[in-house]
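An overview of the molecular structure
Residues per chain, in single letters:
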Amino acid sequence: MKSTLLTRSLTLALAATVGLASAASDYPYRPVPLNQVSVLEGFWLPRFETNRLVTVWADFKKSEETGRISNFARAGKLEDGPFKGIPFDDSDVFKIVEGAAYTLATHPDPTLDAYLDGVIAKMAAAQEPDGYLYTARTLGFINGMTGKERWSNMGSSHELYNIGHLYEAAAAHHAVTGKRTLLDVACKSADLIDRTFGPGESQRKGTSGHEEIEIGLCKLYRATGEKRYLDLAKFFIDMRGRKDLRKLYGSYNQDHLPVVEQTEAVGHAVRAGYLYAGMADVAALTGDTSYIAAIDRLWENVVSKKLHLNGGIGARHQGEAFGENYELPNESAYLETCAAIANALWNQRMFLLHGDAKYIDVLERIVYNGFLSGIAITGDEFFYPNPLASSGGYKRSKWFGCSCCPVNIVRFIPQLAEFTYAQRDAAVYVNLYVASSAKLKTSAGDVTVTQKTDYPWSGNVRIAVAPAKDGTPFSLKLRIPGWAIGKPVPSDLYTQARPGSLKDVAIAVNGAPVPLTLEKGYVTINRAWRGGDAVTLAFAMPVRRIQAHPEVKDNAGRLAVERGPLVYCAEAADNAGHALSLMLPADAAFAEGTVAVLGHSLVSLQATAQSVVADLRGTRTAQPVTATLIPYFAWCHRGAGEMQVWFPASPESAVPRSNIKASASHCWELDSVHAACDGTLPKNSGDHSVKRMTWWPRRGSAEWIQYEFAAPETLKGCAVYWFDDTGKGSCRLPASWKLQTPDASGNWADVPVSGAYPVAKDTLCEIAFATPVTTRVLRLNVQLQPNVSGGVLEWKLQPQ
Ligand SMILES: [Zn+2]
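Residues numbered from 1 in each chain as written. Predicted model: local features only at pLDDT ≥ 70, side-chain atom pairs only at ≥ 80, totals over all residues. Heavy atoms only, no water.

This brings us to the environment of L166. Among the secondary structure elements, L166 is positioned in helix α7 (residues 159-177). Between the C-alpha atoms of L166 and K661, which are 495 residues apart in sequence, the distance is 53 Å. Every residue in contact with L166, bar those within four places of it in the chain, is listed here: F94, L133, L182, V185, A186 and S189. (Helix = DSSP H or I, 4+ residues; strand = E, 2+ residues; numbered from the N terminus. Contact = heavy atoms within 4.5 Å.)

Looking now at the packing of helix α2 (residues 45-65) against helix α15 (residues 404-412). Two elements in contact, α2 and α15, have axes whose closest approach is 10 Å; the angle formed by their N-to-C orientations is 150 degrees. One element, α2, and the other, α15, form an angle in the roughly antiparallel class. The hand of the α2/α15 crossing is left-handed. In this structure, α2 contributes N51, T55, V56 and D59 to the contact, and α15 contributes P406, V407, I409 and V410. (Axes fitted to C-alpha atoms, helices over the stretch in contact; angles between N-to-C directions. Parallel < 35°, antiparallel > 145°, perpendicular 65-115°, else oblique. Left-handed = near helix turned anticlockwise from the far one by under 90°.)

Glancing now at the packing of helix α11 (residues 269-286) against helix α13 (residues 337-354). Running from N to C, α11 and α13 point in directions that differ by 20 degrees, and their axes come no closer than 8 Å. In terms of their interaxial angle, α11 and α13 are classed as roughly parallel. Regarding α11 and α13, the two cross each other, and that crossing is left-handed. Residue-level inspection shows A269, V270, G273, Y274, Y276, A277, A280, D281 and A284 of α11 in contact with α13, the latter providing C338, A339, A342, L345, W346, R349 and L353.

What follows covers the pairing of strand β14 (residues 522-529). Sheet topology places strand β9 (residues 472-479) next to β14; eight bridges connect them, and they run antiparallel. What sits directly across from T472, in β14, is W529. (Pairing = 2+ DSSP bridges.)

The subject of this paragraph is the state of the cysteines. Across all of its chains, the model carries zero disulfides by this definition. A disulfide-free cysteine, C218 has its sulfur positioned 14 Å from the sulfur of C187, the nearest such atom. By relative accessible area, which is 0% here, C218 ends up buried. No disulfide involves C765; its sulfur sits 10 Å from the nearest other cysteine sulfur, which is in C718. Classification of C765 by relative accessible area gives buried; the value is 2%. (Disulfide = S-S within 2.5 Å. Buried < 20%, exposed > 50% of the residue type's maximum accessible area, 1.4 Å probe, protein only.)

Protein-derived coordination of the zinc ion comes from E336 (OE), C338 (SG), C404 (SG) and C405 (SG), at a distance range of 2.1 to 2.3 Å. For the zinc ion, the four donor atoms in the first shell make angles of 93 to 121 degrees at the metal, a pattern classed as tetrahedral. Residue classification places C404 among the buried positions, given a relative accessible area of 9%. (Donors = N, O, S within 2.8 Å, 3.2 Å for Na, K, Ca; no water. Tetrahedral: all angles 85-135°; square planar, octahedral: opposite > 155°, others 65-115°.)

At the junction of Y455 and P456, the peptide bond is cis and its omega measures out at 10 degrees in the coordinates. In this structure, P456 sits in the loop between β7 (445-453) and β8 (460-467). A cis amide bond links W696 to the next residue, P697, at an omega of 5 degrees. Assignment of secondary structure puts P697 in the loop between β27 (693-694) and β28 (702-723). If you check the backbone angles, L335 has positive phi at about 55 degrees while not being a glycine.

It is worth spelling out α11 at this point. A rise of 1.5 Å per residue sets the reference length of α11, with its 18 residues, at 26 Å; its end C-alpha atoms lie 25 Å apart and thus fit the reference within 8%. For α11, a buried count of 17 out of 18 residues is recorded, marking the element as mostly surrounded by other parts of the structure. G287 lies just past α11 and shows a positive phi near 80 degrees. (Expected span 1.5 Å × (residues − 1).)

The next point concerns the pattern of salt bridges. Applying the stated criterion to the full structure yields 52 salt bridges. In this structure, E49 engages R52 in a salt bridge whose closest nitrogen and oxygen atoms are separated by 2.8 Å. Residue E49 and its partner R52 are both found in helix α2; the two are separated by three residues, about one turn of the helix. R365 serves as the salt-bridge partner of E562, at 2.6 Å between the closest nitrogen and oxygen. (Salt bridge = Lys/Arg side-chain N within 4 Å of Asp/Glu carboxyl O.)

Let us look at the sheet that holds strand β13 (residues 518-519). Pairing within the open sheet is mixed, and its six strands lie in the order β1-β4-β5-β9-β14-β13. Pairing within the sheet leaves two strands with one partner each, and these edge strands are β1 (30-31) and β13. Here β13 pairs with β14 via two bridges, running antiparallel. Counted as the bridge partner of E519 is Y522 from β14. Helix-sheet contacts for helix α14 (residues 357-371) involve β9 and β14, and the interaxial angle to β9 is about 50 degrees.

Inspection of every chain in the model, using the stated rule, returns 40 aromatic pairs. Each ring, one from F43 and one from W44, has its centre 5.1 Å from the other, and the planes form 80 degrees; the classification is edge-to-face. Take F43 and W44: they sit in the same class, and that class is buried. The side chain of R527 reaches across the aromatic face of W529, ending 5.6 Å from its centre. (Phe/Tyr/Trp six-rings, centres within 6.5 Å; stacked < 30°, edge-to-face > 60°. Lys NZ or Arg CZ within 6 Å of the ring centre and 35° of its normal.)

With that settled, the discussion passes to the sheet that holds β7. Ordered in space as β2-β6-β7-β8-β15-β11-β12, the seven strands form an open sheet in which the pairing is antiparallel. The open sheet has two edge strands, β2 (37-39) and β12 (512-513), and neither has a second partner.

On to the pairing of strand β17 (residues 558-563). Burial analysis of β17 places six of its six residues in the buried class, the great majority of the element. In this sheet, β17 lies alongside strand β16 (residues 543-548) in antiparallel orientation, the contact comprising four bridges. Its bridge partner being in β17, I546 is matched across the sheet by A560. Two strands pair when backbone bridges link them, and β17 and strand β24 (residues 647-648) are joined in this way by two bridges, in the antiparallel orientation. Each bridged residue has a counterpart across the sheet, and for R558 the counterpart in β24 is P648. Between β17 and strand β18 (residues 566-571), which pair antiparallel one after the other, the connecting turn spans two residues, and G564 there sits at a positive phi close to 60 degrees.

All right, on to the side chain of Q496 then. If you trace the backbone, Q496 turns up in strand β10 (residues 494-496). For Q496, a relative accessible area of 4% puts it in the buried group. Within the structure, Q496 has its side chain in polar contact with the backbone nitrogen of G486 (distance 3.5 Å). With residues near it in sequence (within four places) discarded, Q496 still touches W483, G486, K487, P488, R544, R545, I546 and Q547. (Polar contact = N/O pair within 3.5 Å; in protein donor to acceptor, adjacent residues only side chain to side chain.)

Attention now goes to α13. With 18 residues, α13 should cover 26 Å at 1.5 Å per step; its first-to-last C-alpha distance of 26 Å lies within 8% of that length. Burial of α13 is extensive: 17 of the 18 residues sit out of reach of the surface. Of the residues trailing α13, G355 is marked for its positive phi of about 65 degrees.

Time to look at the confidence of the model for the protein. In this model, the protein carries a mean pLDDT of 94, and residues with pLDDT of at least 70 account for 97%. Ignoring residues within four places in sequence, the model shows residues 1-17, a span with pLDDT below 50, making 43 contacts including any to other chains. (pLDDT = per-residue confidence, 0-100.)

What follows deals with the side chain of D26. For D26, the location among the structural elements is in the loop between α1 (14-17) and β1. Side-chain polar atoms of D26 contact the side chain of R222, separated by 2.6 Å.

As structure tokens, this is what we get:
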């Protein structure tokens with residue numbers, strides 16, 4: 001299946017092609033490529049090392065175990081066997097190859113290099129003679145996703161999505177290793193796509209249901225200089241919303257309007273982020289200002305109405321999609337790790353277009369919060385959604401059936417080096433405060449910039465500037481983070497209760513203070529630089545309370561806590577097993593401390609808080625407690641437990657801790673036994689907006705839930721609100737139920753009740769006891785209906 005290699009005239013400068021910008025006409029602001037940036041000892045070095053030494057190999061191992069790599073070998077007739085998995089699994093392996101290639105740029109590793117050669121040989125073998133590469137179809141795996149034949153089901157086949165990731169991997173692998181093995185596969189594929197799709201009469205007028213190929217084609221164009229690839233990227237973008245030329249997929253795929261007419265971010269969030277990033281690339285490479293106007297509008301919409309505090313986007317589980325404006329829930333927030341990555345990649349490109357620090361403010365918020373939570377400190381466990389609250393059942397996983405997030409992380413972390421610095425002519429931009437050293441070629445001469453800092457733990461940074469030639473004049477542009485000066489996001493979506501200002505920032509050159517004049521979010525130091533020059537920055541890092549825009553209903557009456565770029569949260573592990581019942585009064589005092597999480601010392605915050613407890617009568621009392629808050633990214637490393645980011649400021653908005661200890665024969669991992677006694681009544685039996693306990697996936701069995709009290713309680717009855725999701729799932733009302741208490745000898749005895757146990761939907765099913773019962777334990781026994789499961793939304797006791 002090996003083809004003759006296409007010959008191309010390549011204008012490759014190895015060092016320049018790792019970065020986003022290398023074509024002659026490209027972004028006005030250029031990143032400093034990741035192979036010219038060394039990450040030094042500080043916050044990020046352990047993360048880079050873990051990515052390189054653990055995550056790359058963990059991802060490859062899972063890809064081998066699950067058949068993702070075998071699919072290429074099988075399609076290439078190197079081994080026998082059928083296709084395994086999901087048709088877009090090809091993209092997972094391309095993403096790991098891309099990430100692995102980036103690590104080779106700074107850490108040559110013959111073992112990894114040889115391993116990549118092996119995987120790439122399988123990819124090359126899997127490519128059909130005309131350039132088609134999609135292992136599912138080559139192996140004859142046809143389903144509703146793939147469609148019957150090539151390009152027959154572009155809305156869901158992911159044929160072009162997969163190879164978009166191939167192109168990104170190929171550009172990275174070629175730039176770093178100089179090898180053409182994967183680049184040749186990519187070009188042969190792109191040539192086929194270019195023959196198949198386009199404006200010509202005989203060419204198809206389709207576009208991909210999942211954007212990604214646009215970014216990939218721009219990278220392939222930069223790597224090869226082949227303009228057809230850039231034209232093709234623009235063609236696929238311009239095909240969206242063209243109902244005069246094709247049948248549209250709709251808003252879920254950002255295919256409801258031509259892109260230049262889109263004004264609101266809608267649909268699947270990862271797709272949207274990749275589309276907007278691709279539009280930025282094409283705009284930079286072609287000078288298309290209509291694209292820039294469109295993505296400027298879409299960016300305004302996201303940062304002012306659809307951005308979660310952790311930088312995440314895509315509020316809804318349903319469709320992994322954006323919600324309405326200001327629809328920013330906490331526990332039910334989806335916020336896929338891939339969407340955080342897509343949002344960061346887009347914001348980096350927006351900076352490269354406009355040179356404004358506000359885009360890096362968004363990028364930084366993502367990177368330290370809603371992205372970083374996606375990977376465990378150990379590097380081998382991952383979140384897919386990154387919610388802002390948890391009832392306790394949610395935790396990271398080693399892998400997923402659809403495992404887009406773990407493999408996206410592996411290629412994203414090395415790119416952080418490339419987000420750190422940028423340049424334009426003789427101006428050098430310091431965008432992120434990362435302990436690192438960068439070699440830059442400016443129009444005024446070469447310079448090495450070295451940062452020492454333990455940011456984000458402190459706001460102190462020392463930057464040594466060493467020009468190759470003493471007296472080199474250039475501008476050093478230092479980003480003043482929005483969080484430091486009262487602008488946590490570049491919109492009114494989140495504000496600081498007591499805003500910071502430029503008074504909280506100090507900058508000096510060789511000890512002499514620099515006047516702080518802001519331009520596009522930067523302080524500029526113009527100077528003829530000499531070896532030994534040092535710039536010091538000090539950003540004050542007080543604890544800042546954050547409030548959400550009044551239109552954000554889920555955060556009404558709630559405050560979040562930030563310090564520097566980090567969002568903080570409370571989790572069960574530090575707070576006696578309860579986080580959701582914590583309330584932070586507006587005047588809560590904070591003290592800094594440290595917490596060790598898996599041997600890593602993190603800055604923690606101790607707050608004078610209150611814990612809200614409800615008794616059997618539902619009466620709420622607030623008890624003073626010292627709450628411990630840790631950085632949000634670090635939650636869920638000490639077992640799954642409750643977690644909360646947005647704290648109520650009054651007892652009414654808290655989720656009270658019950659003084660009941662609830663347990664059950666079984667509870668589905670995403671539900672919570674304590675939901676039964678959280679005092680929250682649903683609107684109906686199918687209400688998915690309140691927490692529940694279910695025996696899912698058990699069906700037809702005898703199950704129970706029980707309450708235990710600290711001291712005996714006297715009860716005259718109780719009531720159950722049953723869960724029933726007819727039309728959505730397989731939970732139904734139970735066949736029957738009854739109550740029991742332990743008798744004197746510890747055996748379960750039926751509670752005498754008045755009348756029959758009622759079973760009904762959409763109401764509290766009340767039962768009165770024949771006489772009041774005094775007990776420390778009450779058990780509710782349930783017989784599920786045949787073949788279905790069941791659950792409880794609320795089980796209320798009636799004390800005497
Ligand atoms: Zn993902």
